[in-house]
Amino acid sequence: VVQKNAFSYSSIKTFTTPLHLTIIGEGAFSFCYYLENIEMPKDSELEIIDIKAFYHCPIESITISPHVTKINRQAFSSCLNLKKIFLMPNSRLQTIESDAFNSSPVEYIETGESEGGVGESDGGVGESDGGVGESDGGIGESVGGIGESVGVFNVGMPAESGGGIPEVNGGGIL
């Protein structure tokens, strides 16, 4: 576990998740104004990216390892350079809490092929026919969705509420 605020306000430039790390704690890398590169090896055991873990960091893209199951609220909020999110094949990601990417200008989400996880996507974030649509500080309207895999993500909704992605024009994230 990377403990709460462990590297907060540090001048770290790159962070590679150790293979056996399972949790990046609350605010662990918040306000790391030089952190541009986060590397998650495909065999990383990381499961949870906690609240404000990378809050206000200048990262431009992030590749989420397949073992990550939950991205907590504001984990990547105010990452003003974050434009691309990549989900590795066979992703186990189940929950992206509300405001996880708030005030981050995400333009593109790419998902890998999977079995029981996130499907393929023809589009990304922004104006697209197969991805996540335009929004103000969050994930907005959609046409198409993420690989038409309704039920994979719980976006700011508790699992017991039925979970899944609310359908908007044939699937997607609301």
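Placed above this text is the structure.
Described below are features of the structure shown in this document. Computed from a prediction, not measured in an experiment: that's the story for all the values here.

What counts and how
- Residues numbered from 1 in each chain as written.
- Predicted model: local features only at pLDDT ≥ 70, side-chain atom pairs only at ≥ 80, totals over all residues.
- Heavy atoms only, no water.
- Helix = DSSP H or I, 4+ residues; strand = E, 2+ residues; numbered from the N terminus.
- Buried < 20%, exposed > 50% of the residue type's maximum accessible area, 1.4 Å probe, protein only.
- Contact = heavy atoms within 4.5 Å.
- Areas by Shrake-Rupley, 256 points an atom, 1.4 Å probe, with all protein chains shown as cover.
- Pairing = 2+ DSSP bridges.
- Axes fitted to C-alpha atoms, helices over the stretch in contact; angles between N-to-C directions.
- Lys, Arg positive; Asp, Glu negative; His and termini not counted.
- Salt bridge = Lys/Arg side-chain N within 4 Å of Asp/Glu carboxyl O.
- Polar contact = N/O pair within 3.5 Å; in protein donor to acceptor, adjacent residues only side chain to side chain.

### Side note on the overall build of the protein chain
Point 1. From N to C terminus, the protein chain includes 0 helices and 12 strands.
Point 2. Going residue by residue from the N terminus, the α and β elements of the protein chain occur as β-β-β-β-β-β-β-β-β-β-β-β.
Point 3. When burial is assessed residue by residue, the protein chain has 47% of its 174 residues classed as buried.
Point 4. Look at the contacts in the protein chain between residues 6 or more apart in sequence, and 45% of them connect residues 24 or more apart.
Point 5. When the accessible surface of the protein chain is totalled, it reaches about 8500 Å², and 45% of it is carbon and sulfur.

### A few points about the environment of phenylalanine 29
Point 1. When you line up the elements, phenylalanine 29 lands in the loop between strand 2 (23-24) and strand 3 (37-39).
Point 2. Measuring from C-alpha to C-alpha, the distance between phenylalanine 29 and asparagine 5 comes to 6.5 Å, with 24 residues separating the pair along the chain.
Point 3. Residue contacts for phenylalanine 29: discarding those within four places in its chain leaves Val2, Phe7, Ile12, Phe15, Ile24, Leu35, Ala53, Phe54, Tyr55 and Cys57.

### As for the sheet that holds strand 7 (residues 84-87)
Point 1. Ordered in space as 5-7-9, the 3 strands form an open sheet in which the pairing is parallel. Strand pairing shows two members of the sheet lacking a second neighbour, strand 5 (61-64) and strand 9 (108-111), which therefore form its edges. When strand polarity is set aside, the average angle formed by the axes of neighbouring strands in this sheet is 10°.
Point 2. Pairing of strand 7 with strand 9 involves 4 bridges; the strand directions are parallel. If you follow leucine 87 over to strand 9, its bridge partner there is threonine 111.

### Things to note about the side chain of aspartate 50
Point 1. Assignment of secondary structure puts aspartate 50 in the loop between strand 4 (48-49) and strand 5.
Point 2. Of the side chains with opposite charge, lysine 70 lies nearest to the buried aspartate 50, which makes no salt bridge, at 7.2 Å.
Point 3. Side-chain polar atoms of aspartate 50 contact the side chain of asparagine 72, separated by 2.7 Å.

### Some remarks on the pairing of strand 5
The side chains of a regular strand alternate between both faces of the sheet.
Point 1. Residues Ile62 and Ile64 point to one face of strand 5 and are all buried, whereas Ser61 and Thr63, pointing to the other face, are not buried.
Point 2. Pairing analysis gives 4 bridges linking strand 5 to strand 7, with the strands arranged parallel. For threonine 63, the partnering residue across the bridge sits in strand 7 and is phenylalanine 86.

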